[in-house]
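Take a look at the letters that make up each chain.
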Amino acid sequence: MPVRPENVHQATLLRLLRDGNRSRAELGDVVELSRSKLNLELDRLIEMDLVEQAGLAASRGGRRSGMVRLSSHLRFAGIDVGATSVDVAVTNGELEVLGHLAEASDVREGPAAVLDRATGLLDKLRDEGLFTQLHGAGVGVPGPVSFREGVPVAPPIMPGWDRYPVREAISQKLGCPAMVDNDVNLMALGELHAGLAKQVDDFLLVKIGTGIGCGIVVDGRIYRGVSGSAGDIGHIRVDDQGPTCTCGNTGCLEAYFGGAALAREAVRIAPRSPHLAERLTLAGALTAQDVAAAATFGDAAALHLIRDGGRQMGQVLAGLVSFFNPGLVIIAGGVASLGHVLLAEIRSVVYRRSLPLATGNLPIVLSELGDTAGVIGGARLISDHVFSAS
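This report concerns the structure included in the present document. Not measured: the values here are computed from a predicted model. (Residues numbered from 1 in each chain as written. Predicted model: local features only at pLDDT ≥ 70, side-chain atom pairs only at ≥ 80, totals over all residues. Heavy atoms only, no water.)

**Focus: the state of the cysteines**
Rules: Count a disulfide wherever a pair of cysteine sulfur atoms falls within 2.5 Å. Here the term buried applies to any residue with accessible area under 20% of the maximum for its type, exposed to any over 50%, and partly exposed to those in between, with areas from a 1.4 Å probe on protein chains only.
This structure, assessed with the given rule, holds zero disulfides. Counting only cysteine sulfurs, C252 is the nearest neighbor of C214, a cysteine outside any disulfide, at a range of 16 Å. Accessibility expressed as a relative area gives 4% for C214, which makes it buried. Free of any disulfide, C247 has its nearest cysteine sulfur in C252, 3.7 Å distant. The class of C247 is partly exposed, set by a relative accessible area of 30%.

Structure below.
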């Protein structure tokens, strides 16, 4: 197993250097260590091949301080298992993506097949020379996760995954520490590290994809709740008489506006939409991307479908905003490709229905990280673990 820091001082230094190289003097300004103790810990990290020298800093009026950075050999993997795809990436210690691969995948094939596919993609990145050893892997899956145990728990759209030992399986396959979380939490971590939330400590990340979920960040940390199911907003009921959801209940938000629900509704309205009707004839099925494409042509039926879904999403989100009072709301996921028509409807409902004190300075924006949010978040998750005292 890769080396980990020996004490909390070393762990703190590694997390600071994850944000970029610094001089020893700059590190001394932000950690409560004497100069001799700081240099002792840094020298030990260099011996452990976790940190390396990086030249000299600009003079601050005296002798120039030495620069240090995370070892160039550090490598983390992010694995983002979706309902219909799997993404993997390899990053350096600063979590910069060095290589990213994705392919279609059906989570219903079961954990063994899907995880083999993910590790196979990592093998391709290994063959490209991006790493020889991984220092850790962070995995996201599209369902509820017991974070402490590293296993999915009764995931509605993941047959065969219930309590499957994902963490242990990935750790054994890759020969490194592994951590597992809900995919929405990983996306929130990705935004916290490299996205629009870098300077925000309290925010919501809403993923609208095959399912609907919400990553909750409080004081710069993921809030998971007592059992790990916090943020499962897709199963908030919006209509007692609504359609049956994959969870077995009726009228859930996800049953109205998740990816499968949107595709179902697109087929229903296709006779009133020339663009969707043509696409349905050619492909035999419709997706959220087809609805988005129709909307760009001003298709009235597609625009009505998007606005209706955005209104339902906005009603649920308005309650969350009034309750949580976040500093930012980020909309992400495959259905977010519906774009600014969807965003405008969500904004309209939230700003109208939530308290003015909660929305007066509240940006509601589309994610700019796209399909890298989850894999960056996976690398952030495992680096938090590796850069903690062993």
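**Re the sheet that holds strand β12 (residues 212-218)**
Going by this rule: Paired strands, as defined in this entry, are two strands with at least two bridges between them according to DSSP. Helical segments are the DSSP runs of H or I of at least four residues, strand segments are the runs of E of at least two, and each set is numbered from the N terminus. Contact definition: two residues touch when any of their heavy atoms are within 4.5 Å. Only the stretch in contact is used when a helix axis is fitted, and all axes are lines through C-alpha atoms; the angle between N-to-C directions ranges over 0 to 180 degrees.
Ordered by their spatial adjacency, five strands build an open sheet running β13-β12-β11-β14-β15, and the pairing between neighbours is mixed. The sheet is open, and its two edges are formed by β13 (221-222) and β15 (364-366), each paired on a single side. Along the sheet, helix α6 (residues 183-194) contacts β11 (203-208), β12, β13 and β14 (329-332); its crossing angle with β11, the most-contacted strand, is approximately 130°. Sheet strands touched by helix α11 (residues 300-324): β11, β12 and β14. Its angle to β11, the strand with the most contacts, is close to 160°.

**Topic: the environment of H193**
The criterion, for reference: Contacts described as polar in this section are N or O atom pairs within 3.5 Å, which, within protein, must combine one atom able to donate a hydrogen with one able to accept it, while residues neighboring in sequence count only if both atoms come from side chains.
As for its position among the elements, H193 is in helix α6. Placed 175 residues apart in sequence, H193 and R18 show a C-alpha to C-alpha distance of 10.0 Å. Contact partners of H193, with chain neighbours within four places excluded, come to R18, D19, E94, L95, K198, I376 and R380. Among the polar contacts made by the side chain of H193, one reaches the main-chain carbonyl oxygen of E94 at a distance of 3.3 Å.

**Quick word on the packing of aromatic side chains**
Note the following rule: Aromatic pairing here means that ring centres of Phe, Tyr or Trp (its six-membered ring) are within 6.5 Å. Orientation follows from the plane angle: under 30 degrees is stacked, over 60 is edge-to-face, and everything else is tilted. Each ring is checked for a lysine NZ or an arginine CZ that lies within 6 Å of its centre and within 35 degrees of its normal; such an atom marks a charge sitting over the ring.
Under the defined criterion, the tally for this structure stands at one aromatic pair. Positioned above the aromatic ring of F147, the side-chain terminus of R224 is 3.7 Å from the ring centre.

**Things to note about the nonpolar core**
As a reminder, the rule being used: We call a set of buried Ala, Val, Leu, Ile, Met, Phe, Trp, Tyr and Cys residues a nonpolar core when their side-chain atoms join them within 4.5 Å.
Counting 43 residues, the largest nonpolar core has V206, I208, V291, L317, V329, I331 and L338 as the members making the most contacts within it. Per element, the largest residue contribution to this core is ten residues, and it comes from α11. Counting residues in hydrophobic clusters, the runner-up holds 42 residues, among them L70, L186, I222 and A379.

**Some thoughts on the pattern of salt bridges**
Worth spelling out the cut-off: One side-chain nitrogen of Lys or Arg within 4 Å of one carboxyl oxygen of Asp or Glu is enough to make a salt bridge.
Taken as a whole, this structure holds 22 salt bridges when the rule is applied. Close ionic contact of R117 with E109 constitutes a salt bridge, the shortest N to O distance being 4.0 Å. The class of R117 is partly exposed, set by a relative accessible area of 28%. Taking relative accessible area as the criterion, E109 reaches 42% and is therefore assigned partly exposed. Residues D308 and R311 are paired through a salt bridge, measuring 2.7 Å at the closest nitrogen-oxygen approach. With D308 and R311 both in helix α11 and three residues apart, this pair spans about one turn of that helix. Connected via shared salt-bridge partners are R15, R18, R380 and D384.

**Looking at the pairing of strand β7 (residues 136-141)**
With six of six residues buried, β7 is to be regarded as a mostly interior element. Here β7 shows a buried face lined by G136, G138 and G140 and a second buried face lined by A137, V139 and V141. Examined bridge by bridge, strand β4 (residues 76-81) and β7 share five bridges and lie parallel to one another. Bridge pairing links A77 to A137 in β7. In terms of strand pairing, β7 meets strand β10 (residues 178-182) through five bridges, oriented parallel. The residue bridging G138 from the neighbouring strand is M179, located in β10.

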